Every structure is written in structure tokens, then in C-alpha cells.
Amino acid sequence: MKNILVGGQYGDEGKGKIISHLALSDNPEIVARGGVGPNAGHKVLYEGNWYSLRMLPCGFVNKNSKIMIGAGVCVDPEVFLKELELTGTAGRAFVDKRCTAILQKHKDEDASAELSKKIGTTKTGCGPAVVSRARRDGVLIADIPEMQKYTIDVAQAVNNAKNVLLEGSQGFMLSVLYGTYPFVTSKDVSASSVAADVGLGPTSIDHVIMVIKSYTTRVGNGPFPAEIPVEEAVKMNMQEYGTVTGRPRRTSPELHWEDLRFAVQVNGATQMAVTKLDVRFPGNNGVKKFADLSGEARRFVDQIEAKLGVPVTLIGTGPDARDIIDRRAEVL
Ligand code: IMP
Ligand code: MG
């Protein structure tokens, strides 16, 4: 089985939580990350500890899984080495030898460029590193001495394995191709690109799981329909803060159906995961069976399936990797 998980909104859909559940329940040989780079912050609560990961896949929670970063991802060696230590995953964490390295000059440029300010980038050097790669003056990660022992051919590894989980990053509306250009990240982040990022062809993918949150948030500038002021978001318990930048996220209590329909199409989603249902419908915290959800919460999930035509197989009901309704056995 080779599955891809992608974000269907503006990032911060709760991919980390869903990935950690899938890693624990499906026991993949490899969990590999695609996407842009350390601009993403994936959070996972596991055995009482919060981990905010910007480089390593959240699938690290399964100690039997190898965790890898695909060739398409820009890698900041400092962030990688820090997270390796934090998660204690040395020996089973690897980076594709073709990854482009994020150097100090990329971070400096990202922090100072006028354009980055206009867009509100994460200042993590991702955009400038992507530009270096396109300009053909990028530095490969295999050329950084302290990274050499973690460097392998991830593309070969994922093709040779049977059970692989791919972790996308950011969200569809931030795609440089399909998002709210120019207020987007520096790469396409749809499922096809995530597959290419790690070296898998489209025909080897079994399922594309698109994750959405029960409401919509956006961090950084750009168009954002049905936005509400911070005070209202606080009252609704929906006010969030960026994992990477600490910036307050912008909130819309609604799902943006037109955008989601398009995201389902372009990603080729075959399943959906819906997170933070307990935030939108208080009283449903920690529920593990669909039948135990309140009527209102169940109707909301039914509405998503009816409007988007894709089964909702996974439902997040709390922060822990285990606060989840997994309906795959019933629905698929
Ligand atoms: P960059 O990816 O750092 O160049 O930032 C471009 C835009 O994408 C900014 O609005 C960022 O806030 C946003 N962005 C990039 N990565 C993420 C993410 O993982 N979650 C949410 N927003 C992101
Ligand atoms: Mg995030």
C-alpha cells in the first residue's frame, strides 16, 4: 500500500495528527515527507509530549518505521539535526541525496526581501532555496559534511518498499500553481507533486487522503473569504497561532466549498480526513466511534461527503494521535 496525505486548505489542517495515527495503525515500512521544506510545522502529541516538526515526518512515532525526506524537499541541516536529536531517531532517519540544502544566505534573503514581506513568508529560506535550485546553483545536501551519514537514495527506497506513507506539507490553497498566487508558497503541494518529491510515479499510489480542518485558517497574507476578527475567533475557541512563526492565524469559521471541490479534483482525493471536529462541536472530545458523535457533528461529516463526493474515513476528535475515529474498515 502506498498512500499520500495532503492538506486541502491553507496548511495547518492537522496533518501531523492524522499521519501519526496512520503510522501507528498501518505500520508503514517508510514514512516519507514531500513538500517545500522547514516552512511547514507539523504538530503531534504523543505519549504526553508535543512535537513540532519542520523537517522530519510525524510518522516517527512508530519506532518500526524508517522516516525519510524526499528529493523535492529543501533541507535545512540545522533543523534536521535538531529534530533528529529531539525525536531520538538517529539510525532510522534519512534524507535523499538530491535534496537542495537551505543555507544561511537563503534564510537571510527570505527575512529581508520586500517580496517576502508582502507575501508574509515564514522566513525559513525555502523560497530562495527553491530559486537556487531552479537557477541551477543550489547545493545538494550530500555535499554538506555533517549530513553525509543520513544521505541515501530515498526514491529507490520507497520504490522498493511495499507499505509507504507519504506526508505532504502546506495546503492546496498555498500551491504556487493552484493557490492564491502570488500569496502562496514556492512549489506546487498537490498529491502529484508530493509523489514526485519522493520519487513515486502516479500509478504506484493507492490512496490520496486529503485532510481538512472543521473550519478554515490561514497564516500570512492573501485573500481569505469569510474572515472573522480575532476576538470572535477566540470566543469560538478557533484562534490558533503559527507553529513555525508564532503569528496569529486568520480564521474563517466556514468551509470554503468551491475551493475544496477544486482541491479534491486536482489532488485526486479518494478519502478525506476531517480534524478538530471537537472544536467546532464541543462535547465530542475524544470520541472514537462515529455513532457516538452528536447528531450535529455527524450531520456535518455527512454534509462534507455529500458536497465533495469523497468518503470521510478519518475524523479527529482531540489533540492526541489516538483521539480519532477511523472508519476505513466500514467505508472503503
Ligand atoms: P513561504 O512558504 O515561507 O515562502 O511562505 C509563503 C506563504 O505560505 C506564507 O503565507 C506562509 O505563511 C505560508 N505557509 C508556508 N508554509 C506553511 C505551512 O506549513 N502552514 C501554513 N502556512 C504556510
Ligand atoms: Mg503547520
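It should be noted that the structure appears before, not after, this text.
Residues numbered from 1 in each chain as written. Chains lettered and ligands numbered in written order. Predicted model: local features only at pLDDT ≥ 70, side-chain atom pairs only at ≥ 80, totals over all residues. Heavy atoms only, no water.

Around ligand 1, 16 residues are found, and the nearest of them are Asn-39, Thr-122, Thr-185, Val-219 and Arg-247. Within the side chain of Asp-12, an N or O atom sits 3.4 Å from a nitrogen atom of ligand 1. In the complex, 97% of the free accessible area of ligand 1, which totals 470 Å², lies under the protein chains. Here the residues of the shell around ligand 1 are counted per class, giving 6 nonpolar, 8 polar and 2 charged. (Near = heavy atom within 4 Å. Polar contact = N/O pair within 3.5 Å; in protein donor to acceptor, adjacent residues only side chain to side chain. Areas by Shrake-Rupley, 256 points an atom, 1.4 Å probe, with all protein chains shown as cover. Nonpolar A, V, L, I, M, F, W, Y, C, P; charged D, E, K, R; others polar.)

Attention now moves to the pairing of strand 11 (residues 207-213). In terms of burial, strand 11 is largely enclosed, as 7 of its 7 residues are buried. The alternating pattern of strand 11 places His-207, Ile-209, Val-211 and Lys-213 on one face and Val-208, Met-210 and Ile-212 on the opposite face, and all of these are buried. Bridge count between strand 1 (residues 2-7) and strand 11: 5 bridges; the pairing is parallel. By the bridge assignment, Val-6 is partnered in strand 11 with Met-210. As defined by bridge partners, strand 11 adjoins strand 14 (residues 271-275) across 5 bridges and the pair is classed as parallel. Across the sheet, Ile-209 pairs through a bridge with Gln-271, a residue of strand 14. (Buried < 20%, exposed > 50% of the residue type's maximum accessible area, 1.4 Å probe, protein only. Helix = DSSP H or I, 4+ residues; strand = E, 2+ residues; numbered from the N terminus. Pairing = 2+ DSSP bridges.)

Here we take up the pattern of salt bridges. Any two side chains of opposite charge can pair, given that their charged atoms come close. Throughout the structure, instances matching the rule amount to 20 salt bridges. Between Arg-261 and Glu-258 there is a salt bridge whose closest N-O contact spans 2.7 Å. Of the two residues, Arg-261 and Glu-258 are both situated in helix 9 (residues 257-267); the distance of 3 residues between them amounts to about one turn of the helix. The exposed category is assigned to Glu-258, whose relative accessible area is 58%. Salt bridges linked by common partners bring Asp-12, Lys-213, Glu-240, Arg-249 and Lys-276 together as one network. (Salt bridge = Lys/Arg side-chain N within 4 Å of Asp/Glu carboxyl O.)

With that settled, the discussion passes to the coordination of the magnesium ion (ligand 2). Octahedral metal centres with six donors ideally show angles of 90 or 180 degrees, and tetrahedral centres with four donors ideally show 109.5 degrees. Around the magnesium ion (ligand 2), the protein supplies Asp-12 (OD) and Gly-41 (O) as donor atoms, at distances of 2.0 to 2.4 Å. Remark: Gly-41 occurs in the loop between strand 2 (30-33) and strand 3 (42-46) and Asp-12 occurs in the loop between strand 1 and helix 1 (15-26); sequence separation between them is 29 residues. (Donors = N, O, S within 2.8 Å, 3.2 Å for Na, K, Ca; no water.)

Leu-166, Met-210, Met-272, Leu-277 and Ile-304 are the most contacted members of the largest nonpolar core, which has 48 residues in total. The biggest single contributor to this core is helix 11 (residues 295-308), with 5 residues. Here Leu-277 is in contact with Ser-214, Leu-293, Ala-297, Phe-300, Val-301, Ile-315 and Gly-316, once residues within four sequence places are set aside. Counting residues in hydrophobic clusters, the runner-up holds 36 residues, among them Val-31, Ala-93, Ala-101 and Leu-165. (Core = buried A, V, L, I, M, F, W, Y, C linked by side-chain atoms within 4.5 Å. Contact = heavy atoms within 4.5 Å.)

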